[in-house]
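Residues per chain, in single letters:
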Amino acid sequence: MIIAEESGRYGRAGLSVGVSLCLETVGSILVRYGDSPLLREYLDGLLDGRLIGCFGASEPTGGSDLTGLRTVARRVPGGWRVTGEKKYLSLGLVCDFALLLCRIEDDRGDAHGGLGVFAVPASALSIRKRLRKVGTAALDTTWMTIDARVPDEALVGRPGAGLLVATWGLSHERLSIAGQTVGGVAAATGLATAHLHRREQFGRPLLQHQALRLRLADLSARLLSLRFAVYSAAQGIPVTGACGPRETAALKVTATRFAEEAMSECMHLFGGAGYLEDETPLGRMWRDTRLGRIGAGTDEMMWELVASGMTPDFVGYDELVDLG
Ligand SMILES: Cc1cc2nc3c(=O)[nH]c(=O)nc-3n(C[C@H](O)[C@H](O)[C@H](O)COP(=O)(O)OP(=O)(O)OC[C@H]3O[C@@H](n4cnc5c(N)ncnc54)[C@H](O)[C@@H]3O)c2cc1C
């Protein structure tokens, strides 16, 4: 969480998202499910900074809906052959290995064996298209085709448990994204507060105009609450399991929507200069932060996870509600 917050504070989500993809999504999966010598080698390399790993789930036919995945792993003598394509492979150009969510072909040749995560070397990835993006320019996101032969020990977790493995990694990624927004919004509100002190209009500093001061105070109050939430969630993951996929989804969707609003407001407080690339970094920060509402699952997918655990209070309802 400290790495997430501090890397977010640079206000360059391309950097912080890249770090969290490698350390959180890939790292957390390998820590929990990487029990073969090959996977432990990948983890060791990742932790001491020798290797970069990326994670590929999304495809042209399946983003929110992972039943649309077409990348297939089929058994071959001595291991598996993985073929297909991943549309948004962030770090795909610089990685040493990729963890890929695949459909497992059963012995009859039907792709009905459930999903599995496989580690493939970078040499198995070919560029189909370099993607141009609205923001996060520091992060390469590339449409890749895959053709790999990997040994049995490249399978991460059990065959068929791919969704479980992916969800574990994505939950860490989502919590990290929430932490990054804390750092990013803190950076933006810090700059905006300084500007309100320095810039004078109508004969006094902008900060003395109550409308602006209280808008910034509102953002700061929500930021303080979010900061408490992400740190307590981070403690809940390894210790008690109290912070599961539902809780991290709730934090991620709330944090990233707040961050988009906060960046826009801070940009606004700079007036015209906020919109100029050469005068302030706010425009870039605003564009970069927008990725948070899409990557590692969109707002709607996060809300679906939250909705799946909502409990009705029928006892209270029967006691307190009388519709006649
Ligand atoms: C810069 C960038 C980097 C990325 N990096 C990676 C990466 O490294 N690895 C990776 O695997 N993926 C990556 N992604 C992909 C990202 O996770 C997906 O784009 C995202 O999950 C949405 O999938 P989709 O694009 O197919 O949109 P779709 O699934 O087609 O969704 C389109 C819209 O419909 C909504 N929607 C879909 N289904 C429903 C529903 N049932 N109810 C309500 N609304 C719905 C979505 O929320 C969204 O608003 C990246 C994306 C971007 C833009």
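Each value, and the rule that gives it
Residues numbered from 1 in each chain as written. Predicted model: local features only at pLDDT ≥ 70, side-chain atom pairs only at ≥ 80, totals over all residues. Helix = DSSP H or I, 4+ residues; strand = E, 2+ residues; numbered from the N terminus. Buried ≥ 20, exposed ≤ 12 C-beta atoms within 10 Å, placed from the backbone. Contact = placed C-beta atoms within 7 Å. Pairing = 2+ DSSP bridges. Near = placed C-beta within 6 Å. Domains from an automatic or database assignment. Expected span 1.5 Å × (residues − 1). Bend = angle between axes of the 7 residues up to and from the residue. Axes fitted to C-alpha atoms, helices over the stretch in contact; angles between N-to-C directions. Left-handed = near helix turned anticlockwise from the far one by under 90°. Nonpolar A, V, L, I, M, F, W, Y, C, P; charged D, E, K, R; others polar.

**Some words on the overall build of the protein**
Then, in step 1: Along its length, the protein carries 9 helices and 10 strands.
Then, in step 2: By its C-alpha atoms, the protein is 80 × 65 × 35 Å across when sized along the principal axes.
Then, in step 3: In the protein, which comprises 324 residues, the proportion classed as buried is 44%.
Then, in step 4: For the protein, the proportion of contacts with a sequence separation of at least 24, taken over those separated by at least 6, is 72%.

**A short note on the pairing of strand E3 (residues 79-90)**
In regular strands, side chains alternate between the two faces of the sheet.
Then, in step 1: As judged from the 5 bridges shared by strand E2 (residues 72-76) and E3, these two strands associate in the antiparallel manner. Pairing of Val76 across the sheet is with Gly79, part of E3.
Then, in step 2: Two successive antiparallel strands, E2 and E3, enclose a turn made up of 2 residues, where Gly78 displays a positive phi of approximately 85 degrees.
Then, in step 3: Note: E3 against strand E7 (residues 141-151), 10 bridges, orientation antiparallel. The residue bridging Ser90 from the neighbouring strand is Thr141, located in E7.

**Remarks on the environment of Leu163**
Then, in step 1: Positionally, Leu163 belongs in helix H4 (residues 162-198).
Then, in step 2: The spacing of Leu163 and Gly116 is 47 residues in sequence and 7.3 Å in space, taken between C-alpha atoms.
Then, in step 3: Excluding anything up to four places from it in sequence, Leu163 contacts Leu66 and Leu115.

**Observations concerning the site of the ligand**
Then, in step 1: Lining the immediate environment of the ligand, one finds 21 residues, of which Gly63, Ser64, Tyr88, Ser90 and Thr298 sit closest.
Then, in step 2: Of all elements in the fold, only strand E1 (53-56), E3 and helix H8 (299-307) reach the threshold of two or more residues within the shell around the ligand.
Then, in step 3: Split by domain, the shell around the ligand shows at least three residues from each of two domains, domain 1 (12-158) and domain 2 (164-307).

**Here's the deal with helix H6 (residues 245-269)**
Count 3.6 residues to each turn of an α-helix, and residues three or four apart come out pointing the same way.
Then, in step 1: Given a rise of 1.5 Å per residue, 25 residues ought to cover 36 Å, and the 36 Å separating the end C-alpha atoms of H6 matches this to within 8%.
Then, in step 2: Backbone geometry just downstream of H6 places Gly271 in the positive-phi region, at approximately 60 degrees.

**A few points about helix H2 (residues 13-33)**
Then, in step 1: Over its 21 residues, H2 extends 28 Å from the first C-alpha to the last, a length consistent with the 30 Å expected when each residue adds 1.5 Å.
Then, in step 2: The axis of H2 is deflected most strongly, by about 35 degrees, at Gly27.
Then, in step 3: The element H2 is extensively covered by neighbouring structure, given that 16 of its 21 residues are classed as buried.

**Some thoughts on the domain arrangement of the protein**
Then, in step 1: Split into domains, the protein comes out as domain 1 (12-158) and domain 2 (164-307).
Then, in step 2: Its C-alpha centre places domain 1 at a distance of 28 Å from the equivalent point of domain 2.
Then, in step 3: On the side of domain 2, 21 residues touch domain 1, which itself brings 24 residues to the contact.
Then, in step 4: No other element matches H2, which puts 13 residues into the side of domain 1 that touches domain 2.

**Details of the packing of H2 against H4**
Then, in step 1: Where H2 contacts H4, the two axes come as close as 8 Å, and the packing angle between them is 150 degrees. The way H2 lies across H4 gives a crossing that is right-handed. Of the residues in H4, those in contact with Ala13, Ser16, Ser20, Leu21, Glu24, Thr25, Val26, Ser28, Ile29, Arg32 and Tyr33 of H2 are Val165, Trp168, Gly169, Leu170, His172, Glu173, Ser176, Ile177, Gln180 and Gly184.
Then, in step 2: Its residues placed into classes, the contact of H2 with H4 shows 9 nonpolar, 9 polar and 3 charged.

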